[in-house]
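Remarks on the overall topology
Okay, here's what each chain looks like letter by letter:
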Amino acid sequence: MDRYGCNVRRRMLLVGLWAALQNLKAAGCRTVWLNGSFVTVKEEPNDFDACWDESGVDPELLDPVLLTFDEGRATQKAKYMGEMFPSATIANLGGWSFLDFFQTDRETGRRKGIVAIDLGGLE
C-alpha cells in the first residue's frame, strides 16, 4: 500500500484494482500483471493497465465488464478505474500478446519488468 497507494488518487485506483482482482480470482484467475504509469513513480497516474491469465477462468463467473473493450475502455475505467486485458489477446499490429507488449519498452523496444500479482494469496 505504501508504494502504490501513497496519495488520494493512487488509493482510488487501488480500490478499483482490488475490485477487479476480487472478481478475477472468484472466476478462477491465478495471475494478473500490472504495467504503465501506475507501477512507476508518477505521482498522479490516470489509471492502471493490467492483463490477466485467462487459463482456468470460468467465463460464467467473470464480470462482463472485464471483456468490454469499447472506445478507450470507458466501461472498464468507469467501474474499475483502469484497463484489464486477457494476457494472450493480441495487443498490436506486430501480433504480440498483451503480456509480451507490456514487457516491451515503447521507446527502446527492449524488454522491461512489470509487476505480477499472484491471486492465490489474495483475501
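Residues numbered from 1 in each chain as written. Predicted model: local features only at pLDDT ≥ 70, side-chain atom pairs only at ≥ 80, totals over all residues. Heavy atoms only, no water.

1. Topic: the overall build of the chain
When helices and strands are tallied, the chain shows three helices and four strands. What you see in the chain, going N to C, is helices and strands ordered as α-β-β-α-β-α-β. Over its C-alpha trace the chain gives a radius of gyration of 14 Å, about what one expects of a compact globule, namely 14 Å for 123 residues. Here the chain holds 123 residues, and the buried ones make up 41% of them. (Helix = DSSP H or I, 4+ residues; strand = E, 2+ residues; numbered from the N terminus. Rg over C-alpha atoms; globule rule 2.2 N^0.38 Å. Buried < 20%, exposed > 50% of the residue type's maximum accessible area, 1.4 Å probe, protein only.)

2. With respect to the side chain of threonine 104
Looking at the element boundaries, threonine 104 is found in the loop between helix H3 (98-102) and strand E4 (115-118). You can call threonine 104 buried: its relative accessible area is 11%. The contacts of threonine 104, once residues within four sequence positions are left out, are Trp96, Gly109, Arg110, Arg111 and Lys112. (Contact = heavy atoms within 4.5 Å.)

3. Side note on the pairing of strand E1 (residues 31-35)
Most of E1 is tucked away: four of the five residues are buried. Relative to strand E2 (residues 49-52), E1 runs antiparallel, the two sharing four bridges. Residue pairing for E2: leucine 34 is matched across the bridge by alanine 50. (Pairing = 2+ DSSP bridges.)

4. Here's the deal with unusual backbone geometry
Residue arginine 73 is not a glycine yet carries a positive backbone phi of 50 degrees. Structurally, arginine 73 can be placed in the loop between E2 and helix H2 (74-80). Phi at methionine 81 is positive, roughly 70 degrees, even though this residue is not glycine. Tracing the backbone shows methionine 81 in the loop between H2 and strand E3 (83-86). Classification of methionine 81 as partly exposed rests on a relative accessible area of 22%.

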